[in-house]
Amino acid sequence: ALLKAFQETAGYKLNLTNVDASSSFIEENEKFGIKYYNKYWGDFALQNKADLIVSTNVFQHNPNYRRFLDGISKNLDGRWILEFPYFLETVKTNQFDQIYHEHVYYWLVTPLVKLFKEYGLKIIDISEQSIHGGSLRIVSSNREEDQENQDIINNYLRLESEFNFDKWAVDIENKIKSDKEFINNLKGSIAVFGAAAKGCVYLNCLEIQDKISYMVDDTLEKQSKYSPGSTLKIMNREFLLKNQPDY
């Protein structure tokens, strides 16, 4: 969808390439004239270096982040836009359910500044996005004419150095305790919406599955199955409309 949006707004033919470890989207990409490499990023070299590489919500999933960065370095002559859930925001807002199997790393700006320099990348902009409970979008470049934005980097380095991460374990325990107490005190039927990994982490931590009647999710592949770690059956939206809970 992102590459299609690039093409639709460009006004001229773009050379678009999609790299994905999943084979599920090959036909869809080919239909829109997008080259599709069914590979892990970093395992190959593009025929021509890219002016722009975009990776949204994937960098933190890679066990070998250096291989990923090596792929950026050898395939880029321009700018790399990287977006990921920001760990400082995760901790500040007590989103402990962000910690689950697909997320191998949880990034701050401080280590990324040092890491990027090893691969010839300069951070030229950082912006905050609301997606995934608070993400960072970092624009970096390996072109000589682009200048590192030291002011914005220093601001994030300061915020991260001043924050007290040590008390997060206590905050998580208090959050689980207070939420569990709140839900257990509800009178009436309860349903939950969204059979996502974060939701499964949250429900299993609270141990409140017995209080919930069913779970709803729009993803067809999840419907009629059960939420991991519980006996909650995943239903479609129509079931929710016909069997409306009190909460």
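Report follows, based on the coordinates. In this text the structure is predicted, and so the values were computed from the model without any measurement. (Residues numbered from 1 in each chain as written. Predicted model: local features only at pLDDT ≥ 70, side-chain atom pairs only at ≥ 80, totals over all residues. Heavy atoms only, no water.)

A separate point is the overall build of the protein chain. Within the protein chain, the secondary structure is distributed over nine helices and nine strands. The dimensions of the protein chain, computed from C-alpha atoms along their principal axes, are 65 × 50 × 30 Å. Within the protein chain, the proportion of its 247 residues that are buried is 36%. Relative to all contacts within the protein chain whose residues are 6 or more apart in sequence, the contacts with residues 24 or more apart total 58%. Roughly 14,600 Å² of accessible area belongs to the protein chain as shown, and the carbon and sulfur atoms make up 50% of that amount. Of the charged side chains in the protein chain, 29 are positive and 35 negative, and the gap between their average positions amounts to 2 Å. (Helix = DSSP H or I, 4+ residues; strand = E, 2+ residues; numbered from the N terminus. Buried < 20%, exposed > 50% of the residue type's maximum accessible area, 1.4 Å probe, protein only. Contact = heavy atoms within 4.5 Å. Areas by Shrake-Rupley, 256 points an atom, 1.4 Å probe, with all protein chains shown as cover. Lys, Arg positive; Asp, Glu negative; His and termini not counted. Charge placed at Lys NZ, Arg CZ, Asp CG, Glu CD.)

Let us look at the sheet that holds strand β4 (residues 76-85). Each strand in a sheet pairs with another by means of backbone hydrogen bonds, the pair being arranged parallel or else antiparallel. Taken in spatial order, the four strands line up as β3-β4-β6-β5 in an open sheet, and their pairing is mixed. Of all strands in the sheet, those bounded by a partner on one side alone are β3 (50-56) and β5 (122-129). Along the sheet, successive strands turn relative to each other by an average axial angle of 15°, direction set aside. Note that β4 and strand β6 (residues 135-141) share seven bridges and pair antiparallel. The residue of β6 that forms the bridge with Glu83 is Arg137. On top of the sheet, helix α6 (residues 150-162) reaches β5 and β6; it is set at about 55° to β5, its chief contact. (Pairing = 2+ DSSP bridges. Axes fitted to C-alpha atoms, helices over the stretch in contact; angles between N-to-C directions.)

Next up on the list: the state of the cysteines. With the rule as written, the count across this model stands at zero disulfides. Residue Cys200 stays outside any disulfide, its sulfur separated by 11 Å from that of Cys205, the closest cysteine. According to the relative accessible area criterion, Cys200 is buried, its value standing at 12%. (Disulfide = S-S within 2.5 Å.)

Geometry only, nothing functional implied.
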